[in-house]
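Below, each chain spelled out in residue letters.
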Amino acid sequence: MRNQIFVVFLISSLLLVRCSNSKKEVQTALDKINADGLKEKISILASDDFKGRAPSTLGEERTIKYLEEQFKKIGLQPGNGNSYLQEIPFVKITTELNSIAAVIKSKNETLNLSVPKDFVVGTTRVVDNTSLKNSEMIFAGYGIVAPEYNWNDYAGLNVKGKTVVVLVNDPGFATGDKNLFNGKAMTYYGRWTYKFEEAARQGAAGLIIIHETDAAGYPWSVVENSWTGTRFYLETPDKNMSNCEFNGWVTTETAQKIFEMSGLDYKKEIASAAQRGFKPIILSSNMSISFKSKFAYTKSNNVIGVLPGKELADEYIIYSAHWDHFGVRPNTAQGDSILNGALDNATGVAGILQVAEAFAALPQPQKRSIIFLSVTGEEAGLLGSDYYAKHPLFPLNKTAAVINLDALNIFGKTKDITLAGYKDSGLDDYAEKVIKEYGRYVVPEPTPEKGTYFRSDHFSFAKVGVPSLYFGSGMDNIEHGKQWGLDQSAKWLRENYHKPSDEYKPDIWKFDGMVDDLKIIFEVGYDLSMTNKFPNWLEGSPYKANRDAMMK
Ligand SMILES: [Zn+2]
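Being a predicted model, the structure only gives us computed values, none of them experimental.

Looking only at helices and strands, one finds 17 helices and 21 strands in the protein chain. Split into buried and exposed, the 552 residues of the protein chain put 55% on the buried side. For the protein chain, the computed accessible surface area is about 23,000 Å², with 52% contributed by carbon and sulfur atoms. Of the charged side chains in the protein chain, 62 are positive and 66 negative, and the gap between their average positions amounts to 1 Å.

Here you go:
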């Protein structure tokens, strides 16, 4: 116990030294980041009044009104002309489950796919009826085209009008080979969203992903849940007609049957798909599928405010945090039906508001402009950030960095802090410097094989090339140690993640760790705002080519 107190004392004194000597000018700003401010904001955002903050509901109205008021009060300028809002067109698509007929036929056999036991399917195209007859089936391994890994599963293939079957995750995960992709850590090529995007680029009629629990990082029930309800998409001018006609998933057992129908050994073929030199296999079976979809058009909003810089006002640093959550669950038999999303992500939104207050309190304004962007539709698939990245209100090649917050630390002070995608870009140097000055250390995200990096809004920016940082809570708790921190975090995920019990609990939550983290997060952005440098992705990063192209 005594040792721990000593450590806390030592760290606090280091902090004092740092602040009084090296950066006196930021002390006034840092003082704005405090527990009281966070508590006030989180309690409002996570209150039942805000109805779980679902896009296009009363919950959205109240949330964006509150954010606009806060941005004004802090002194931010509107980020979209005279407005703090960036309106986004959404289309809600529901597959009519009882309309789905899906049959696979080989020479001698017929396999009727049953939904959702064997198969789930949907379309992103805005069409009432999807119908495809006798579409030739091809097994294209992992369905990956990755020039930087010298890998192309579609090489020499023409998949127009065809149904492509692929595996989830990537060859690095499958083999554990460090020289293949990123070893066990999932690359974006392993993520299911990528598989659908690539198949569309290749012109396939349909794509079916083979679900495997290990490779996906979750059981079939998760696929089932998210593909049997209503899904949100961005509405594009072409009504999403450039996407595949249908996107689906099959269970491992169904995939085995499909391979057997073509006289193939499933295990052998998927093993060869993870090896260099794999050649796609034309299956001797055809797919026929038809189903109906329902649509509803709706709108939602990103909220954006700017604090102009003094010298380099046309260069930007973005702080982002999604405001949306899941709203109110209709059929909860008893008890609480509001998904308040207190940790996820009222904390992150409160965090960027506090950081905004800190910047606004600087005695000398920073050099570059700081953008505060609270995005919508994260929970529906990073939609708000994706829309911003495709329709930026400030030039992306003048945007030096994005710093994203999604769920802050509620378990107290830690020695470490998590950086997702650590060692991916030159931004890490800025983060590391500040983190060290605070006497703390960086850890990479704890489960890179689950693809956590691709599941929050910084990724929408990475994808188009803008270097982005995603800070997460540390686990190495100063008072209780690392195992305790890991256990608490796992317990929280099990009991509260995306559930009505993700509520604001001021008596249980600790705010000191959150305040520590936000000070670091402020200082990293401040340091970046005081340079004229544009850090890039490191050599070998899949995001570098896009950044290089926009900076030419
Ligand atoms: Zn979140």
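Right, let's get into the pattern of salt bridges. Enumeration over the complete set of coordinates arrives at 16 salt bridges. Where Lys65 meets Glu69, a salt bridge forms, and the shortest distance between an N and an O atom there is 3.3 Å. Within this pair, Lys65 and its partner Glu69 are both found in helix H4 (residues 58–74), separated by four residues, close to a single helical turn. Each of Lys433, Glu437 and Asp527 takes part in one network of salt bridges that share partners.

So, about the coordination of the zinc ion. For the zinc ion, the protein coordination sphere consists of His322 (NE2), Asp344 (OD), Asp406 (OD) and Asp406 (OD), at 2.0 to 2.6 Å. Coordination at the zinc ion comes from four donor atoms whose angles at the metal span 54 to 151°, giving a geometry best classed as irregular. The motif formed by the donor residues of the zinc ion, counted along the single chain, is H-x21-D-x61-D. Here His322, found in strand S14 (residues 312–322), pairs with Asp344, found in helix H11 (residues 342–360); they are 22 residues apart in sequence, far enough to count as distant. We classify His322 as buried; its relative accessible area is 0%. Classification of Asp344 by relative accessible area gives buried; the value is 6%.

What follows deals with the nonpolar core. Counting residues in each nonpolar core, the largest one holds 68 residues, and the members touching the most others are Phe359, Phe372, Phe471, Phe522 and Val524. Once residues lying within four places of it in the same chain are set aside, the contact partners of Phe372 are Phe71, Leu76, Val303, Ile304, Gly305, Leu307, Tyr319, Ile352, Val355, Ala356 and Phe359. Counting residues in hydrophobic clusters, the runner-up holds 52 residues, among them Val121, Tyr149, Phe246 and Ala255.

With domains assigned, the protein chain is organised as domain 1 (22–90 + 299–478 + 511–551) and domain 2 (93–296). Its C-alpha centre places domain 1 at a distance of 33 Å from the equivalent point of domain 2. Facing the 18 residues of domain 1 at the interface are 19 residues of domain 2. Interface area for domain 1 against domain 2, summed over the two sides, is near 1,600 Å², with a carbon-plus-sulfur share of 64%. It is Phe90, Glu449 and Phe454 that lose the most area in domain 1 upon contact with domain 2, and together they represent 33% of the buried surface on that side. Linking domain 1 with domain 2 are one salt bridge, by the criterion used here. Lys463 serves as the salt-bridge partner of Glu197, at 2.8 Å between the closest nitrogen and oxygen. Joining domain 1 to domain 2, the criterion identifies four residue pairs in polar contact (both at pLDDT 80 or more). Only strand S2 (85–95), helix H12 (383–390) and helix H14 (458–464) provide two or more residues apiece to the side of domain 1 that touches domain 2. Within the side of domain 1 that touches domain 2, the residues separate by chemical class into eleven nonpolar, two polar and five charged.

What follows covers the packing of helix H3 (residues 35–45) against H4. With their axes 11 Å apart at the nearest point, H3 and H4 run at an angle of 155° to one another. Considered as vectors, H3 and H4 are oriented roughly antiparallel to each other. Listed contacts from H4 to Lys41, Ile44 and Leu45 of H3 are Thr63, Tyr66 and Gln70. Looking at the contact of H3 with H4 residue by residue, the class counts come to three nonpolar, two polar and one charged.

Quick look at the packing of aromatic side chains now. Given two aromatic rings, their pairing is described by the distance between the two centres and the angle made by the two planes. If you walk through the whole model with that rule in mind, you get 35 aromatic pairs. Ring geometry for Phe139 against Phe278: centres 5.7 Å apart, planes inclined by 75°, an arrangement best described as edge-to-face. Pair noted here: Phe139 is in strand S6 (residues 129–139) and Phe278 is in the loop between helix H10 (266–273) and strand S13 (281–307), with a separation of 139 residues, a long-range link. Of the residues examined, Phe278 reaches a relative accessible area of 11% and is grouped as buried. Relative to Phe372, the ring of Tyr319 has its centre 5.6 Å away and its plane inclined at 10°; by these criteria the two rings are stacked.

Helix length check: helix H15 (residues 482–496) (15 residues) gives 21 Å between terminal C-alpha atoms against 21 Å at 1.5 Å per residue, within 8%. In this structure, the buried residues of H15 make contact with H11. Where H15 ends, the next residue or the one after it, His498, has phi of about 55°, a positive value.

In this model, Val115 is joined to Pro116 through a cis peptide bond whose omega is 0°. Mapped onto the elements of the fold, Pro116 is located in the loop between strand S4 (110–112) and strand S5 (119–122). Omega for the peptide link from Asp344 to Asn345 comes to 10°, which places this bond in the cis form. Turning to its location among the elements, Asn345 is positioned in helix H11.

Here helix H9 (residues 252–261) has its buried residues at Thr252, Thr254, Ala255, Ile258, Phe259 and Met261. At the C-terminal side of H9, Gly263 shows a positive phi close to 70°.

In this sheet, S13 lies alongside strand S1 (residues 77–78) in antiparallel orientation, the contact comprising two bridges. Paired with Gln77 across the strands is Val306, a residue of S13. Sheet analysis places S2 next to S13, joined by eleven bridges and oriented antiparallel. Looking at S13, one finds that Ile88 is bridged to Ser300. When S6 meets S13, the two strands line up antiparallel, connected through eight bridges. Residue pairing in the sheet places Phe139 in a bridge with Ile281 of S13. Relative to strand S17 (residues 368–375), S13 is paired through five bridges, and the arrangement is antiparallel. Looking at S17, one finds that Val303 is bridged to Ser374.

In this section: the packing of H11 against helix H16 (residues 512–529). Across the interface, H11 lies against H16 with an axial gap of 10 Å and an inter-helix angle of 50°. When the interaxial angle is binned, H11 and H16 end up oblique. Remark: the crossing between H11 and H16 carries right-handed chirality. Only Met514, Leu518, Phe522, Gly525, Tyr526 and Ser529 of H16 make contact with H11, whose side of the interface consists of Thr347, Gly351, Val355, Ala358 and Phe359. Here the contact of H11 with H16 is composed, by residue class, of seven nonpolar, four polar and no charged.

Conventions adopted
Residues numbered from 1 in each chain as written. Predicted model: local features only at pLDDT ≥ 70, side-chain atom pairs only at ≥ 80, totals over all residues. Heavy atoms only, no water. Helix = DSSP H or I, 4+ residues; strand = E, 2+ residues; numbered from the N terminus. Buried < 20%, exposed > 50% of the residue type's maximum accessible area, 1.4 Å probe, protein only. Areas by Shrake-Rupley, 256 points an atom, 1.4 Å probe, with all protein chains shown as cover. Lys, Arg positive; Asp, Glu negative; His and termini not counted. Charge placed at Lys NZ, Arg CZ, Asp CG, Glu CD. Salt bridge = Lys/Arg side-chain N within 4 Å of Asp/Glu carboxyl O. Donors = N, O, S within 2.8 Å, 3.2 Å for Na, K, Ca; no water. Tetrahedral: all angles 85-135°; square planar, octahedral: opposite > 155°, others 65-115°. Core = buried A, V, L, I, M, F, W, Y, C linked by side-chain atoms within 4.5 Å. Contact = heavy atoms within 4.5 Å. Domains from an automatic or database assignment. Buried area = accessible area lost by both parts, 1.4 Å probe. Polar contact = N/O pair within 3.5 Å; in protein donor to acceptor, adjacent residues only side chain to side chain. Nonpolar A, V, L, I, M, F, W, Y, C, P; charged D, E, K, R; others polar. Axes fitted to C-alpha atoms, helices over the stretch in contact; angles between N-to-C directions. Parallel < 35°, antiparallel > 145°, perpendicular 65-115°, else oblique. Phe/Tyr/Trp six-rings, centres within 6.5 Å; stacked < 30°, edge-to-face > 60°. Expected span 1.5 Å × (residues − 1). Pairing = 2+ DSSP bridges. Left-handed = near helix turned anticlockwise from the far one by under 90°.

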